[in-house]
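Chain residues, written in single-letter form:
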Amino acid sequence: MDEAVIPTTMKPALRAAFLALLLAGGAHAQPLQDPTKPPAAATPVALGPQAVSSGPQLQSILIGRAAGGRHVAVIDGETVRQGESFRGAKVVRIRENEVELARGGERQVLRLYAEAEGGIKGDHAATVTVRR
């Protein structure tokens, strides 16, 4: 079998051309998108000073499908169930978008997303306090 003979003067030129092709191939690559990233409509939008909350942050809600199924929420990394207490407040109610806490005559509603016209927009983990 005959092997192709490449003159020694062309070897550096071929190496440079091959390297240029390798580098040029990566220039057209697009970054991969995270498939677990929530849609833009669910991304929190800071609307100003009122969007920052120093109170507890509702992070997640899990409601069982079956009638009487479990109602669980995660507030500041702590898992709580309806009827339990969270930092001295009783978890009164857990719904799809909110958790209601009661401390004495004061009620506090933690929301995953503030409702707005046209779907989910606005503050993330909004907190509403009602005094009675």
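The model shown is predicted, which means the values in this text are computed figures rather than measured ones.

Caption draft 1: Geometry of the overall build of the protein. Looking only at helices and strands, the protein features one helix and 10 strands. Listing each helix as α and each strand as β along the protein from the N terminus yields α-β-β-β-β-β-β-β-β-β-β. Looking at the 132 residues of the protein, the share that counts as buried comes to 21%. If you take every contact in the protein between residues at least 6 apart in sequence, the share linking residues at least 24 apart comes to 29%. Surface summary for the protein: the accessible area is close to 10100 Å², and the carbon and sulfur share equals 56%.

Caption draft 2: Broad picture of a nonpolar patch on the surface. A cluster of nonpolar residues, Phe18, Leu19, Leu22 and Leu23, forms a patch on the protein surface that exposes about 450 Å² of accessible area. With respect to the helices and strands, Leu19 occurs in helix α1 (residues 11-27). For Leu19, a relative accessible area of 47% puts it in the partly exposed group.

Caption draft 3: Summary view of the confidence of the model for the protein. In the predicted model, the protein carries a mean pLDDT of 75, and the fraction of residues at 70 or more is 61%. Across residues 116-124, confidence stays below pLDDT 50; counting only partners more than four residues off in sequence or on other chains, it has 19 contacts.

Caption draft 4: Representation of the pattern of salt bridges. With the rule as written, the count across this model stands at five salt bridges. Taking the shortest distance from any N to any O, the salt bridge between Arg111 and Glu98 comes out at 3.1 Å. Of this pair, Arg111 sits in strand β7 (residues 106-111) while Glu98 sits in strand β6 (residues 98-103), and the two are 13 residues apart along the sequence. For Arg111, a relative accessible area of 25% gives the class partly exposed. One network of salt bridges, with partners in common, ties together Arg93, Glu98, Glu100, Arg107 and Arg111.

Caption draft 5: Region of interest: the nonpolar core. Within the largest apolar cluster, 13 residues are counted, with the highest numbers of intra-cluster contacts made by Leu58, Ile61, Ala73, Ile75, Val91, Val99 and Leu101. Mapped onto this core, the elements with two or more residues apiece are β1 (58-63), β2 (71-75), β5 (89-94) and β6. Among the elements that take part in this core, β5 stands out by supplying three residues, more than any other. Setting aside chain neighbours within four positions, we find Val91 in contact with Val80, Arg81, Gln82, Gly83, Glu84, Phe86, Val99, Glu100 and Leu101.

Procedures and definitions
Per chain, residues are indexed from 1 in the order of the written sequence. Whole-chain, interface and lining totals are the exception, using all residues; otherwise, since this is a predicted model, local features are given only for residues with pLDDT of at least 70 and side-chain atom pairs are given and counted only at 80 or more. Hydrogens and water molecules were not included; the side-chain quantities draw on all heavy atoms of the structure. By definition, any uninterrupted DSSP run of H or I lasting at least four residues is a helix, any uninterrupted run of E lasting at least two residues is a strand, and each is numbered from the N terminus. Relative accessibility decides the category of a residue: with a 1.4 Å probe and only protein chains considered, values under 20% of the type maximum give buried, values over 50% give exposed, and everything between is partly exposed. Two residues form a contact once any of their heavy atoms are found within 4.5 Å. Calculation of accessible area relied on Shrake-Rupley with a 1.4 Å probe; when residues are assessed, cover is drawn exclusively from the protein chains displayed. Like charges are joined within 9 Å and nonpolar side chains (Val, Leu, Ile, Met, Phe, Trp, Tyr) within 5 Å, but only among residues with over 30% relative accessible area and no salt bridge; these make up the patches. We define a salt bridge as a contact between a side-chain nitrogen of Lys or Arg and a carboxyl oxygen of Asp or Glu at a distance within 4 Å. Confidence per residue, as judged by the predictor, is encoded in pLDDT with a range of 0 to 100. Take the buried residues of types Ala, Val, Leu, Ile, Met, Phe, Trp, Tyr and Cys, join any two whose side-chain atoms come within 4.5 Å, and each joined set is a nonpolar core.

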